[in-house]
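Residue strings, one per chain:
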Amino acid sequence: MVPPRNGDHCQRHRATAPLFEKPETIKALARQTTMGRVGTAEDIQGLTMFLASPASDYITGQVIHIDGGWTAI
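All of the points below concern the structure found in this document. (Residues numbered from 1 in each chain as written. Predicted model: local features only at pLDDT ≥ 70, side-chain atom pairs only at ≥ 80, totals over all residues. Heavy atoms only, no water.)

Here the focus is the overall build of the protein chain. The helix and strand inventory of the protein chain stands at 3 helices and 0 strands. Going from the N terminus to the C terminus, the protein chain shows its helices and strands as α-α-α. Looking at the 73 residues of the protein chain, the share that counts as buried comes to 15%. The contacts of the protein chain with a sequence gap of at least 6 include a subset with a gap of at least 24, amounting to 49%. Carbon together with sulfur atoms contributes 58% to the accessible area of the protein chain, which is approximately 5,800 Å² in total. (Helix = DSSP H or I, 4+ residues; strand = E, 2+ residues; numbered from the N terminus. Buried < 20%, exposed > 50% of the residue type's maximum accessible area, 1.4 Å probe, protein only. Contact = heavy atoms within 4.5 Å. Areas by Shrake-Rupley, 256 points an atom, 1.4 Å probe, with all protein chains shown as cover.)

Here's what the structure looks like:
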């Protein structure tokens, strides 16, 4: 999970932002990943750049998990 940043105006972020203000929630989410932390926007930037580039032109219909190992547990 990627906590919302200040200034994000997505409705879902406004609804979930209060959850990420609680340190106990962050710790509980972090314990659910093999990496032991919650995700950041920077965690998805490499894949985003790759998928937006010509290097990914032949990729179709994939599900790529960037979840710190959440789905591996």
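A separate point is helix 2 (residues 23-31). Of all the residues in helix 2, the buried ones are Thr25, Leu29 and Ala30. Seen from one end, helix 2 has its buried residues packed into an arc of 135 degrees, which puts them on one side. Facing away from the buried side of helix 2 by over 90 degrees, the exposed positions are Pro23, Glu24, Lys27 and Arg31. (Arc of directions from axis to C-beta.)

Moving on: a nonpolar patch on the surface. Where nonpolar side chains cluster on the molecular surface, the patch consists of Ile44, Phe50, Leu51, Ile59, Ile64 and Ile66 and spans about 460 Å² of accessible area. Assignment of secondary structure puts isoleucine 66 in the segment after helix 3 (41-52). For isoleucine 66, a relative accessible area of 36% translates into the label partly exposed. (Patch = residues over 30% accessible without salt bridge, like charges linked within 9 Å, V, L, I, M, F, W, Y side chains within 5 Å. Salt bridge = Lys/Arg side-chain N within 4 Å of Asp/Glu carboxyl O.)

None of this, on its own, says anything about what the molecule does.
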